[in-house]
Each structure stands twice: as C-alpha cells, then as structure tokens.
Amino acid sequence: MIQIESIAIKEFRGIRDLKLDLRSKNFAVCGPNGTGKSGVVDALEFALTGAVSRLTGEGRGDISLLAHGPHVDKRAAPEKSTVTVELTIPSLGKKVTIERNVKTPRKPSITPNTQDVLQVLQAVEAHPEVVLSRREIITYVLATPGDRAQEVQALLRLESIEKVRAGLLKIANATDREIRPLTTAESAARDNFLRALGISELTKQKVLDATNEKRTVLGLASLVELADSTSLRDGLETPTPATPQRIVKKQASTDLKHLRQLIDGLGAAEVTQEVEKVKEELTALLADPAAADAVKRERFFRAGAELVSADSCPLCDVTWDPVALRAHVADKIAHMQGIAQKGKSIDAKLIVLGDRLRAIATAAGVIRGHAKLAEPVIPSESLQQLTSSLNERASKFTVSARLADIPAALEEFGAISATAVETIGKVESYVAGLPEPTKLDAARDWLILAQERLEVLREARRRLKAGRERAERAKKISDTYVKASDDVLVALYATVEEDFVRLYRFINRDDEAAFQAKLTPSMGKLGFDVDFYGRGFFPPGAYHSEGHQDGMGLCLYLALMRRVQGDEFRFSVLDDVLMSVDSGHRREVCALLKKEFPNTQFVMTTHDKIWLRHMRTEGLTTAQSAVEFRNWTVDQGPTCWDDRDVWKEIEDALNVNDVRTAAGVLRNYLEFVSGELCHRLRARVEFRGDAQYQLGELLPAAVGQMRNLLSKGKDAANSWKQQQILDDLVARAASFGAIVDASNVERWQINVAIHFNGWENLGKADFAPVVESCRKLVEAFYCTVCNEALRVSPDREAMESVRCGCGQTNINLKKKA
Amino acid sequence: MSEESQSQIGELSAEVFEKFLAELEQAGIPEEVRGRLRQTLLIDPKFSDAALRTAVFGEESSQ
C-alpha cells in the first residue's frame, strides 16, 4: 500500500524538531522509556490518519488532539504543530508528500493529490491498523471471543459484512413480529363476519346459503360462487352518501350479547379456578426468594431475547452482534431450565387469561361504535376507559411484566367498572327500543353489513398473506446471507489459522515445532485455543508465558494482515510490541519478519538495545536504518545518538565555557558508542547480568579488540604473502595506537569533570583537547567512506574478516592453512 | 463493481456479497430483489437498515 521515505516532525507531542530518513526500509527507534519513541509513532499515525489513538478513546477524559497534540509550549499555535511524511505508493509507482497540522488535521496537504493517490490514502486512513501496539496485541490474544471477533473483524475490514448481517436479521425479526398483530386482526375480522352472518363455521357453502336466504327476500338472484371479488350485496341499490348510518338492530344485539357472554365468562367457575391456581403458584414462588429471583431473571432473559433486533443490547446499548447476543441470552436461559419450566407453566396460564381480557376490550370497542351511532349519542367514555384498563391489565400477564405486579393484576382480574356496565346497559336499552325492521329492511341491512365485514376480512387476509410473504422472504434472505458469510469466514479463518501456526512455529521451532491452534468463528465470536506442548488445547493466557503470548499476538496480527492485504501489506508500525518476547526467540522474530515479509516496511520501537542489536544482526535493519534516542527534555524533545549532533553539542557547550555539560555528553556518548563497538567487533567484556556496562569496561575492551583484530589481520596478510595489505595494516595499527595513546593521556579529565566536580577548574582550553582526542579515537573505528562502524563478520563462530558497509574496509582475518 | 466500491467495502466483504447473491438465486429469490440487493451491497454500497429494507422489499418497504 504505502512505504515511508521520511518523516519530519515539528512541535508535535514531545518532539520539537526531528527528521528521520526511513528510505522505505525497515527502521528501528530505540531509546529508554520517556525519550520520545511514542511521539514518532503518534506522528506517523497522525500523518496517515489525522488522528492519534493515544489521545482518544475510553478513559481519555478531557484530552484531545487539538488541545494536547501540539508541543506543550505551542498549545496556542496548533498550526505550527506539523508532521510531514514523504512516502511511496509501490502499486502506483508514485512518491507522495502529506503534511498535516494539528489545527486542521482533516485538511492535509497532499502532493500530488490525484484521484488514485487519494484513494490509497483514504484506505490507509480508514484502517489505521498498520500501527500495532502491545495493548492491541492483547485484544487478539487474551480478549473474550466476542471482543476478539470485533477486533479481528475490524482488522480484516469485515464491518460491512457484520453490519449487513445485523441489518438483514433485524428486518427478518421485524417482519416476523408484524405477523402476530396481522393474525389477530384476521381472526377478529373472521369472528365479526361470522357473527354478522349468524353462522359458526366459515365455509363457502354456509356463507352462500346465509347470503342467498337474504337475497331471496329482496328478490335478488342467488349467488352460485364465492370468489375473491364476489359482492354479497350484488344488485342491491347503493345507499347515497347522505344516508345516515343506522344501527343494525340485529347485529348490535348480537354484538352486545357477545360482550355480555365474555364478561360473564370472567366469573365462570373454570376461569375463577384458573385464576386461583395461578395465584397459588405465584404465592409459592414468591415465598421462595431464590426461586422468585431466578424466575425474574429467566423472564428477563426471555423478554430480552425477543427484543434483540439491532446490533446492541436493548438494556445497556453495548454493541453486540445480534445473533451472538441472542445466542448468549439463549445460553443463559438454557442454564435455568428447571426454573424456566415453572415460569413457563405460569406464563401459559397468564397468556390465556390475558387473551380473555383483550377479547372483552375489543368487544367493548365495537359497542362503543354502536353508542356513537345512537340518536342522541350515548356517552361512552367509560367503554373507552374499560378498553384501556383491560389492555393494561392484560399487558401484566406477559413474560415481560414484573413478577411482583402480577398478583395485584390477578386480584382485579374480573373487575369491570360499574360505569362501563351502566353504559353497556344504556346501549342495550337503546338497541332494544329500536323498531323492528321490516323483513325487507332487515335483509338489506344484513347484506350491507355482511358485505362490509367481508371486505374487512378480505383486507385482513390480504395483509396477513402479504405479511407472511414478506416475513418468509426476509427470513430466506437473512438465512442465505448467514450461510454465505459463514462459509466465507470459516474458509478465511482456516487460512489465517494455518498461516498463524506456521509463523508461530517458525519463531518457536526450538520447543514448539508441533504447535497447533484453533480459530473457531461462531455466532459473532472468534474462539482462539492453542496447543500447550501436546497436553491439549487451552486459551492462550492459560499456560503460555507472557512472552509466548506476545509472540502469538504478533503472529496472529501478521497472518491477518497478510490475509487481508496480501501483496499490499507494505507498511507496519510495531510499537514496543516485542518487549516481552523472551530473549531466546528474539532473533527468530527478526528472522521471521525479514524472511516472511521482505516487501513490508516495519517501523519498530523498542526500549531494549539488545532488541536493536538483534534487528541489525539478523539484517532486519542496518546502522543507517535506526535511531537511538539518548534522552528527552521538554525544551528540546528527544535527542539522538548522532555523531554530528554530539560533537556539535559538545562544541556549543564549550563555546560558552560549559565544561560540565560538554563532559557529560562526551562521557555518555562514549559509553554508548563503546557498547556498540564492542558488539560489532565481538569484544570480550566481563558479563553483567543487569547489562549495565560502564565506559571503563567497554572502551578498553573495544580498543583492545581493535588492536587484536589489526594484529590478526597482519598475521593473515603475512601468511598469504600480501605485502601491500600487510604494510597498510601496519600503518593502520600504528596510527590507531597513536590515537589511543593520545586519548589515554587526555581522557582522565572526563571523569574529573563529571565525578569530582573539577569542572570549575577546567575551561574550554583545557577540555577541547580531550574532546578532540576522543573524536579521533571514535573515528578510528569507522569507515572514512561510508561512515559506518567496522564490524567483524560473521557475528558468531570463527571470525573471518573486519568489514564496513560499503566494502572499503575488508580486513581478512583467516591465515593461509 | 467499481474500484471505488471495492475499496469502500473491502475484498472479503465483496466476496461474501457475491456468494450471497449467487445463493439467493438458488433460494428462489426473484431477480428484481437480487438486483436491488446487488445495487445496495456492491454497486453503490449503503448498509443502513432503511437501505437494506428497500432492497429487500422495494419501494413498498414502508408498509
């Protein structure tokens, strides 16, 4: 995708002014904690995405990029806080410059800003997973399966897959839920139609028989077929719109009778017994607080499972895959099976009782309609209140109700307000007082009402059919999607698993060459179990050491990135991710990155010099592709171990007669460079377990080893009878000896200046020769052409030569046999 | 599918969507519905609930 050529950071986070040349190669940033390594990572992330994840997210409180992105002394001038990155896009063969400032992070200056370039940069910006920190490694290895799935899906850019899955499931659930009210409406319409016709069973023949009886009275032809478009009142004169609607006496009487029967039914012995039975079961349940609590939970989970339709928990809004959430809730319900049986038994009874109340509510609504047609109108608010009251009471007889509310609702189960009963009585009296229609009028009213109710029934059935078809289509589409996505994801995770195992085996081939792992996707989760030395599969955090877990996290990340980006996996920042990889496997990690990802530019930070050396030893980085921060100050930001900086810094200090500072910098630098030289020349230093070597241990060892190597070189040249080389080496050894002698004479003053507070007695004139002698000594270890410190090759086993990076220096150490 | 669309939804998502659409045909979902889903998932990616509902049911989806 991209590779970084260079980065220039100004007044950003803890950095004042820093430029690093990465040259599209692997690059290491090393330095003790607090020297500014993270600032470089933040700057890279900022340049590429316009954001700094360290400054956002959970627990960041009032911290923001605008307020805290600039260097602390430039808070008032965020426009001066800039990061400029020069990068290449290998796939386009283009070099691009991005410059962002903290004031307008979303408006980077991009050159060139052609469409193809912007497209690549947008892809990088949308998925900043190129930056991996140790904190993020944990999310791959130690997270819960649900969290891991989310993290991995984000890395694999699978969000859209999950979003569509959740969306289609939501539609399927919603359309499924729409069927129940449509079914209820169809049932009510059918009952009303049957009552209007005065028949008990809905068959074509019975409808035709009842209809033709009335049509005969009116002299209308009998209907022979009942098709979807048949009108029962076909041929009947259509009443004009001005004709006021009348109450059909017979139908109103039937509706009133129906309501009375329903109300009377509440007091029937079998219903009363059922209510008492539920009360007893509830009382027993509530008397046992533990059982009651368990039932409450079980009812809660069941209600929750029904409410899951979006991609978040309906209770706490935490984001979930709805499929996973429903499965999670179903698991909990399954664990409460015993309690669930008690709860289900009570619920089944409550549902029947609730249906009785709803039926009365519906019938009361029909009577209210008749009351409104009376002349004068019969006030019917009491019936409206009755309908509301019964529906509310019925709502407490459901699984989602509070357990504690049910007994009170049962106590008033059969209660019908006196005012409602009075209103019903008034409507009954009014209807009874209506004149009996003539036979012709009765037949006409019958046909009109029957046709009206038939049309309502037809519409209800049409809606129910359409609702079922919609639900069926939505379910089929959702199911097909789940299957298709699962098929792809299972195959995907299988390839990731295979690659992960291969990568992990590579870095642990000494003791886990038969390592196995299982990545198991299921219902929005991603299980991850690993083999522990053939003893079985366990979660990664169960037995493996922290170092091994870090290795797993890195390998899983690399396998995922390779799967999703393929050949376009060209850039990655590993921010101190390897800090706990055990020392025995560090070389292997470096070798892995070099061997398996030769086209990927890794930018790695570490506070561990040993790591840095392993990177160089394995050829992952070179001396030129690394920077070592030696310290950090708020005024200057990080300072690097760069020769030009050091000698210039010392000179600047001496120019103001600040010998103490000059001596401190010189000593620290000599300590650093001596360690580096000992490593490169394979010098012998007395081992220290804490790796805290001092200048007095390192510099003499480096000098001694250089003398030794020059001597060996002379012996080898002599054995091969290479006189010219021998002469050169003799001269070089003599020159080196003179430089060493000079520095030995002068060097004592360094310690005086630092440790014995003798600095007040020294001036520039005293200390400048010390500096000069040390500079010459250091230079004697470097190639004058490529400016790289000399090194022994190979870095293990028998020494064969002393080389530099460019080949200018190549001293053979092997004598002729 | 345009390159722009591909970059918006990612290679793996596109793979899933293509497989899904192919399997919808076998499941007997009408071509008209499949066409709308292809438009919503691959050609002009929009994954909101409303967009998906319209793709599944057409313009009468508000019913």
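This section reports on the structure supplied with the text. (Residues numbered from 1 in each chain as written. Chains lettered and ligands numbered in written order. Predicted model: local features only at pLDDT ≥ 70, side-chain atom pairs only at ≥ 80, totals over all residues. Heavy atoms only, no water.)

## Quick word on the interface of chain A and chain B
And step 1. With 30 residues of chain A in contact, the opposing surface of chain B contributes 29 residues.
And step 2. Summed over both sides, the interface between chain A and chain B buries roughly 2600 Å², with carbon and sulfur atoms accounting for 68% of that surface.
And step 3. Here chain A and chain B share three salt bridges between them.
And step 4. Two residues, Lys170(A) and Asp49(B), come together in a salt bridge whose shortest N-O distance is 2.7 Å.
And step 5. In this structure, the connection of chain A to chain B is made through four residue pairs in polar contact (both at pLDDT 80 or more).
And step 6. Of all the secondary structure elements, the ones that give two or more residues to the side of chain A that touches chain B are helix 6 (159–197), helix 16 (439–507) and helix 18 (546–565) of chain A.
And step 7. When residues of the side of chain A that touches chain B are assigned to their parent elements, the largest contribution, 13 residues, is made by helix 16 of chain A.
And step 8. A per-class count over the side of chain A that touches chain B returns 14 nonpolar, six polar and ten charged. (Contact = heavy atoms within 4.5 Å. Buried area = accessible area lost by both parts, 1.4 Å probe. Salt bridge = Lys/Arg side-chain N within 4 Å of Asp/Glu carboxyl O. Polar contact = N/O pair within 3.5 Å; in protein donor to acceptor, adjacent residues only side chain to side chain. Helix = DSSP H or I, 4+ residues; strand = E, 2+ residues; numbered from the N terminus. Nonpolar A, V, L, I, M, F, W, Y, C, P; charged D, E, K, R; others polar.)

## Let's talk about the packing of aromatic side chains
And step 1. Taken as a whole, this structure holds 17 aromatic pairs over all chains when the rule is applied.
And step 2. Considering the side-chain rings of Phe500(A) and Phe528(A), the 5.4 Å spacing of their centres and the 70° angle between planes classify their relative orientation as edge-to-face. Here the residue Phe500(A) occupies a position in helix 16, and Phe528(A) occupies one in strand 9 (residues 525–531), the gap between them amounting to 28 residues.
And step 3. Three or more aromatic residues joined by ring pairs form one cluster here, namely Tyr481(A), Phe17(B), Phe20(B) and Phe47(B). (Phe/Tyr/Trp six-rings, centres within 6.5 Å; stacked < 30°, edge-to-face > 60°.)

## Section: the nonpolar core
And step 1. Core analysis: the largest hydrophobic core is formed by 125 residues, its most contacted members being Ile2(A), Leu87(A), Phe500(A), Leu558(A) and Phe20(B).
And step 2. In terms of residue count, the dominant contributor to this core is helix 16 of chain A (15 residues).
And step 3. Excluding residues within four positions of it along the chain, Phe500(A) makes contact with Phe515(A), Ala517(A), Phe528(A), Met552(A), Cys555(A), Leu556(A) and Ala559(A).
And step 4. Among the nonpolar cores identified, the runner-up in size contains 49 residues, and Val646(A), Val659(A), Ala683(A) and Tyr782(A) belong to it. (Core = buried A, V, L, I, M, F, W, Y, C linked by side-chain atoms within 4.5 Å. Buried < 20%, exposed > 50% of the residue type's maximum accessible area, 1.4 Å probe, protein only.)

## A short note on the sheet that holds strand 7 (residues 131–133) of chain A
Residue and element names in this part refer to chain A.
And step 1. Ordered in space as 7-11-12-3-13-14, the six strands form an open sheet in which the pairing is mixed. Only two strands of the sheet have a single neighbouring strand rather than two, namely strand 7 and strand 14 (637–640). The average undirected angle you get between the axes of adjacent strands in this sheet is 25°.
And step 2. Pairing geometry for strand 3 (residues 27–30) and strand 13 (residues 626–633), over three bridges, is parallel. Opposite Val29, over in strand 13, you have Val627 as the bridge partner.
And step 3. Seen against the sheet, helix 18 touches strand 7, strand 11 (571–575) and strand 12 (601–606) and runs at an angle of roughly 165° to strand 11. (Pairing = 2+ DSSP bridges. Axes fitted to C-alpha atoms, helices over the stretch in contact; angles between N-to-C directions.)

## Some remarks on the packing of helix 22 (residues 659–681) of chain A against helix 23 (residues 695–719) of chain A
Residues and elements named next belong to chain A.
And step 1. Two elements in contact, helix 22 and helix 23, have axes whose closest approach is 8 Å; the angle formed by their N-to-C orientations is 40°. With respect to helix 23, the axis of helix 22 lies oblique. Handedness of the crossing formed by helix 22 with helix 23: left-handed. Side by side, helix 22 and helix 23 meet where Arg667, Leu670, Glu671, Ser674, Gly675, Leu677, Cys678 and Leu681 of the first sit next to Leu695, Leu698, Leu699, Ala701, Ala702, Gln705, Met706 and Leu709 of the second.
And step 2. Residues of the contact of helix 22 with helix 23, tallied by class, amount to eleven nonpolar, three polar and two charged. (Parallel < 35°, antiparallel > 145°, perpendicular 65-115°, else oblique. Left-handed = near helix turned anticlockwise from the far one by under 90°.)

## Details of the state of the cysteines
And step 1. With the rule as written, the count across this model stands at zero disulfides over all chains.
And step 2. Counting only cysteine sulfurs, Cys806(A) is the nearest neighbor of Cys804(A), a cysteine outside any disulfide, at a range of 3.6 Å. (Disulfide = S-S within 2.5 Å.)

## Regarding the sheet that holds strand 17 (residues 810–812) of chain A
Strands belonging to one sheet form pairs held by backbone hydrogen bonds; the direction of such a pair is parallel or antiparallel.
Residue and element names in this part refer to chain A.
And step 1. Across the sheet, which stays open at both edges, the three strands sit in the order 15-16-17 with antiparallel pairing between neighbours. Each edge of the sheet is formed by a strand with only one pairing partner; in this case those strands are strand 15 (791–793) and strand 17. Taken pair by pair, the neighbouring strands of this sheet meet at an average axis angle of 25°, ignoring direction.
And step 2. Across the sheet, helix 23 is in contact with strand 15, strand 16 (801–803) and strand 17; its angle to strand 17 comes to roughly 65°.

## Some remarks on the environment of Ile448(A)
Residues and elements named next belong to chain A.
And step 1. With respect to the secondary-structure elements, Ile448 resides in helix 16.
And step 2. For the pair Ile448 and Arg233, spaced 215 residues apart in sequence, the C-alpha separation works out to 6.3 Å.
And step 3. Excluding anything up to four places from it in sequence, Ile448 contacts Arg233 and Leu236.

## Thoughts on the pairing of strand 5 (residues 94–101) of chain A
All names here are of chain A.
And step 1. Inspection of the sheet shows strand 4 (residues 82–89) paired to strand 5 by eight bridges, in the antiparallel sense. Each bridged residue has a counterpart across the sheet, and for Leu87 the counterpart in strand 5 is Val96.
And step 2. In this antiparallel pair of consecutive strands, strand 4 and strand 5, the connection spans four residues, and Gly93 shows a positive phi of 65°.

## Some words on helix 22 of chain A
All names here are of chain A.
And step 1. The end-to-end C-alpha distance of helix 22, which contains 23 residues, comes to 31 Å, matching closely the 33 Å that a straight helix rising 1.5 Å per residue would cover.
And step 2. Taken across its 23 residues, helix 22 has 18 buried, putting it largely inside the fold.
And step 3. A positive backbone phi angle near 55° is found at Arg682, which sits one or two residues after helix 22. (Expected span 1.5 Å × (residues − 1).)

## A closer look at the pattern of salt bridges
All names here are of chain A.
And step 1. By the definition in use, this model includes 51 salt bridges over all chains.
And step 2. Residue Glu186 pairs with Arg461 through a salt bridge whose shortest N-O separation is 2.8 Å. Of this pair, Glu186 sits in helix 6 while Arg461 sits in helix 16, and the two are 275 residues apart along the sequence.
And step 3. Exposure remark for Glu186: the relative accessible area of 9% places this residue in the buried category.
And step 4. Of the charged contacts, one joins Arg453 and Asp255 as a salt bridge, the two residues approaching to 3.4 Å between their closest N and O atoms.

## Considering a nonpolar patch on the surface
All names here are of chain A.
And step 1. Together, Val72, Trp632 and Val634 make up a nonpolar patch on the protein surface, roughly 230 Å² of accessible area in all.
And step 2. Examined against the element boundaries, Trp632 turns out to sit in strand 13.
And step 3. Accessibility expressed as a relative area gives 34% for Trp632, which makes it partly exposed. (Patch = residues over 30% accessible without salt bridge, like charges linked within 9 Å, V, L, I, M, F, W, Y side chains within 5 Å. Areas by Shrake-Rupley, 256 points an atom, 1.4 Å probe, with all protein chains shown as cover.)

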